[in-house]
Amino acid sequence: MAEIKCPNCGNEFDSKAKKCPSCGSKNRLTVCKVCGTQVAKNAKRCPKCGAKMPKPIYKKWWFWVIIVIILFTIPFPSKETSTTPESAVDEPIATVTPKPTPTPTEAPPVLELVGGIEGTEGVWDGYGMHVTGKVKNNSNQNLSYVEIRFSLYDEQGNMIGSALANEFNIDANGVWSFDAIGTSRTPVDTYKCVELNYRY
């Protein structure tokens, strides 16, 4: 059983626990499986030995492939009901085969977050929030300006700030790697993309 020390009260407890049993603070730490150092759960690598930290299951691509397969294999019940009157049951009915109506294909949005969960990863360093990710320009035209904004929330779901990034001249069908920065004196628990604007 790997133990960690609570940064709030100094009590040691199991790294798999969701909260500190002494003070009730949310557990944001884990233990490096290579060297045993305490590491933030959202860290990509161990700061001591450099070992790559495992991603949560919901950030792995195969998890979402399985979810999509399950959704497409669930049978949906048919709501069709017979409207033929009883008196017309014995009469011959002319059958007409309807021609299928072509389904219009929906054009993709001009801007799209790509990769991972919403294509982003957020890290709060104690002073500010960095939300990184990639935005793809799906159009065949250059964009003169692109802006992305995230709302930041604490553990109770209260909005405590925002993170913003912008860029000029995004190539047609190009990808922009952004780093949206926001300041907050309160620890950021979650974030959400609220704006994704562009100009040709």
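Everything quoted here is computed from the prediction, not taken from an experiment.

Okay, the packing of aromatic side chains next. How two aromatic rings sit relative to each other is given by the distance of their centres and the angle of their planes. Tallied over the full model, the rule gives five aromatic pairs. When the centroid spacing of 5.6 Å and the interplanar angle of 80° are considered together, the rings of Tyr198 and Tyr200 count as edge-to-face. Feature note: the residues Phe150, Trp176, Phe178 and Tyr191 constitute an aromatic cluster, connected by ring pairs.

Before going further, it helps to spend a moment on the pairing of strand E7 (residues 128-137). Pairing geometry for strand E5 (residues 111-114) and E7, over four bridges, is antiparallel. Each bridged residue has a counterpart across the sheet, and for Leu111 the counterpart in E7 is Asn137.

With that settled, the discussion passes to the nonpolar core. Among the nonpolar cores identified, the biggest contains 19 residues, and Val131, Val135, Ile148, Phe150, Trp176, Phe178 and Ala180 are the most heavily contacted of them. Those elements giving two or more residues to this core turn out to be E5, E7, strand E8 (143-153), strand E9 (159-170) and strand E10 (175-183). Ignoring any residue separated from it by four or fewer positions in sequence, one finds Ala180 in contact with Met129, His130, Val131, Phe150, Ala163, Leu164 and Ala165. Formed by six residues, the second largest nonpolar core is a distinct cluster that contains Cys6, Phe13, Cys20 and Leu29.

In this section: a nonpolar patch on the surface. On the surface, Trp61, Trp62, Val65, Ile66, Val68, Ile69, Ile70, Leu71, Phe72 and Ile74 cluster together to form a nonpolar patch covering roughly 1000 Å² of accessible area. Its location among the elements puts Trp61 in helix H1 (residues 61-73). Judged by relative accessible area, which is 65%, Trp61 ranks as exposed.

A positive phi angle, close to 60°, is found at Asn169, a residue other than glycine. Note that Asn169 resides in strand E9. Here Asn173, not a glycine, exhibits a phi torsion of approximately 60°, which is positive. Here Asn173 is to be found in the loop between E9 and E10.

The subject of this paragraph is the side chain of Ser151. Relative to the assigned elements, Ser151 resides in strand E8. Residue Ser151 is classed as buried on the basis of its relative accessible area of 7%. Beyond its immediate sequence surroundings of up to four residues, Ser151 is in contact with Met159, Gly161, Ser162, Thr190, Tyr191, Lys192 and Val194.

Parameters at a glance
Residues numbered from 1 in each chain as written. Predicted model: local features only at pLDDT ≥ 70, side-chain atom pairs only at ≥ 80, totals over all residues. Heavy atoms only, no water. Phe/Tyr/Trp six-rings, centres within 6.5 Å; stacked < 30°, edge-to-face > 60°. Pairing = 2+ DSSP bridges. Helix = DSSP H or I, 4+ residues; strand = E, 2+ residues; numbered from the N terminus. Core = buried A, V, L, I, M, F, W, Y, C linked by side-chain atoms within 4.5 Å. Buried < 20%, exposed > 50% of the residue type's maximum accessible area, 1.4 Å probe, protein only. Contact = heavy atoms within 4.5 Å. Patch = residues over 30% accessible without salt bridge, like charges linked within 9 Å, V, L, I, M, F, W, Y side chains within 5 Å. Areas by Shrake-Rupley, 256 points an atom, 1.4 Å probe, with all protein chains shown as cover. Salt bridge = Lys/Arg side-chain N within 4 Å of Asp/Glu carboxyl O.

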